[in-house]
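Next come the chains, spelled out residue by residue.
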Amino acid sequence: MSSEEAAEPAGGTGRARVERALLADLLAEVGPDRPTLCTGWTTHDLVAHLVTRERVPRAGPGLVIPALHGVTERAERSTGQAHSFAELVGLFRSGPARWNPSRLRRFDDATNVNEFYVHYADVDRAVPGFTPRALDPVSRERVWSALRLLGRTGYRGTGAEVIAERTDTGARRVLRRGTPTVIISGVPEEILLHAFGRRSAAQVEIQGDPEAVASL
């Protein structure tokens with residue numbers, strides 16, 4: 001048995017499924033009207049987005065293609081209007097539609113650990129007094145690996161070189177080439193939140209040229 005297999009959650013449950021359950025529990029606990037870090041969205045809007053993302057095929061392209069985002073928004077509104085908050089949480093908790101490749105654990109872990117962790121923070125950190133929730137060691141390593149691609153997307157609006165620095169191991173990774181250099185320090189999941197645009201909520205330290213830092 002590999003060390004990664006040995007570290008799998010009890011019962012062989014994938015990490016994305018664990019993150020899904022944690023997010024569903026949090027949503028059920030706080031109810032439909034809590035604000036989130038997603039501007040203009042309540043928790044009802046957020047869970048409608050999650051359900052639409054996994055169950056409405058026509059909404060998929062608009063998640064990555066800006067010109068089609070209106071199609072996705074209309075699908076999300078329709079989903080939110082068609083179901084109560086409790087129904088939406090139940091649908092999300094039960095997992096994706098049968099046609100969705102996320103029903104396969106490896107694909108689920110590859111695509112959803114980051115997504116669900118960020119949305120957990122969107123709910124949890126939208127109000128004062130939160131306690132940051134750390135990822136398990138293996139998920140943390142996967143986030144660190146994924147940051148190479150996610151960082152390129154998350155910092156495309158700056159001309160600076162962006163370097164991620166882990167505060168738990170000291171390892172560094174270039175997320176974007178450019179000049180001058182900005183260093184973002186934190187554990188991988190906090191850098192992930194920063195790269196995903198949750199700038200004010202991410203617990204990171206940033207060093208570098210002031211104009212370059214402001215460009216982030």
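For the structure, see preceding data.
Residues numbered from 1 in each chain as written. Predicted model: local features only at pLDDT ≥ 70, side-chain atom pairs only at ≥ 80, totals over all residues. Heavy atoms only, no water.

A separate point is the packing of helix α6 (residues 105–124) against helix α8 (residues 188–195). Axis separation between α6 and α8 bottoms out at 10 Å; the angle between their running directions is 80°. By the criterion of interaxial angle, the relationship of α6 to α8 is roughly perpendicular. Residue-level inspection shows N114, Y117, V118 and A121 of α6 in contact with α8, the latter providing E189, E190, L192 and L193. Within the contact of α6 with α8, the residues separate by chemical class into five nonpolar, one polar and two charged. (Axes fitted to C-alpha atoms, helices over the stretch in contact; angles between N-to-C directions. Helix = DSSP H or I, 4+ residues; strand = E, 2+ residues; numbered from the N terminus. Parallel < 35°, antiparallel > 145°, perpendicular 65-115°, else oblique. Contact = heavy atoms within 4.5 Å. Nonpolar A, V, L, I, M, F, W, Y, C, P; charged D, E, K, R; others polar.)

What follows concerns a nonpolar patch on the surface. There is a patch of nonpolar side chains on the surface, built from L63, V64, I65 and L68 and spanning about 340 Å² of accessible area. Position of V64 relative to the elements: it lies in the loop between α3 (43–55) and α4 (69–82). What makes V64 exposed here is its relative accessible area of 69%. (Patch = residues over 30% accessible without salt bridge, like charges linked within 9 Å, V, L, I, M, F, W, Y side chains within 5 Å. Areas by Shrake-Rupley, 256 points an atom, 1.4 Å probe, with all protein chains shown as cover. Salt bridge = Lys/Arg side-chain N within 4 Å of Asp/Glu carboxyl O. Buried < 20%, exposed > 50% of the residue type's maximum accessible area, 1.4 Å probe, protein only.)

In helix packing, the relevant descriptors are the interaxial angle and the interaxial distance, both defined with respect to the helix axes. One can describe the packing of α3 onto α4 by two numbers: an axis separation of 8 Å at closest approach and a directional angle of 110°. Put simply, α3 runs roughly perpendicular to α4. Between α3 and α4 the crossing geometry is right-handed. Contacts between α3 and α4 involve H44, A48, H49, V51 and T52 from the first element and A75, E76, T79 and G80 from the second. Across the contact of α3 with α4, the residue classes break down as three nonpolar, five polar and one charged. (Left-handed = near helix turned anticlockwise from the far one by under 90°.)

Take helix α2 (residues 15–30) next. In this model α2 runs 23 Å from its N-terminal to its C-terminal C-alpha over 16 residues, within 8% of the 22 Å that 1.5 Å per residue would give. Those residues of α2 not exposed but buried are R15, A16, E19, R20, L23, A24, L26 and L27. One or two residues past the end of α2 sits G31, with phi positive at roughly 85°. (Expected span 1.5 Å × (residues − 1).)

Take the sheet that holds strand β2 (residues 172–176) next. Taken together, the four strands give an open sheet; going across it, the order is β2-β1-β3-β4, and neighbouring strands pair in mixed fashion. One side of each edge strand has no neighbouring strand; the edge strands of this open sheet are β2 and β4 (205–208). With direction set aside, neighbouring strand axes in the sheet form an average angle of 25°. In the sheet, strand β1 (residues 161–166) pairs with strand β3 (residues 181–186) via six bridges, with the strands oriented parallel. Bridge pairing in β3 links E165 to S185. Against the sheet, helix α7 (residues 137–154) contacts β1 and β2, and its axis sits at roughly 30° relative to β2. Together, β1, β2, β3 and β4 form the strand contacts of α8, whose direction differs from that of β3 by roughly 130°. (Pairing = 2+ DSSP bridges.)

Here we take up the pattern of salt bridges. Tallied over the full model, the rule gives 15 salt bridges. Between D25 and R93 there is a salt bridge whose closest N-O contact spans 2.8 Å. Taken together, the positions of D25 in helix α2 and R93 in helix α5 (residues 85–94) put the pair 68 residues apart, joining distant regions of the chain. Under the relative-accessibility criterion, R93 is labelled partly exposed at 38%. Here E141 makes a salt bridge to R166, at a shortest N to O gap of 3.0 Å. A residue pair is termed long-range when its members are at least 10 positions apart, and E141 in helix α7 and R166 in strand β1 qualify at 25 residues.

Quick look at the nonpolar core now. Within soluble globular proteins, side chains that are nonpolar generally end up buried alongside one another. With 22 residues, the main nonpolar core has L147, Y155, L175, I184 and I191 as its most contacted residues. When residues of this core are traced back to their parent elements, those giving at least two are α6, α7, β1, β3 and α8. Apart from residues lying up to four places away in sequence, I184 is in contact with Y155, V162, I163, A164, E165, I191, H194, V204, E205, I206 and L216. Counting residues in each nonpolar core, the second largest holds 16 residues, with L50, F92, Y120 and V123 among its members. (Core = buried A, V, L, I, M, F, W, Y, C linked by side-chain atoms within 4.5 Å.)

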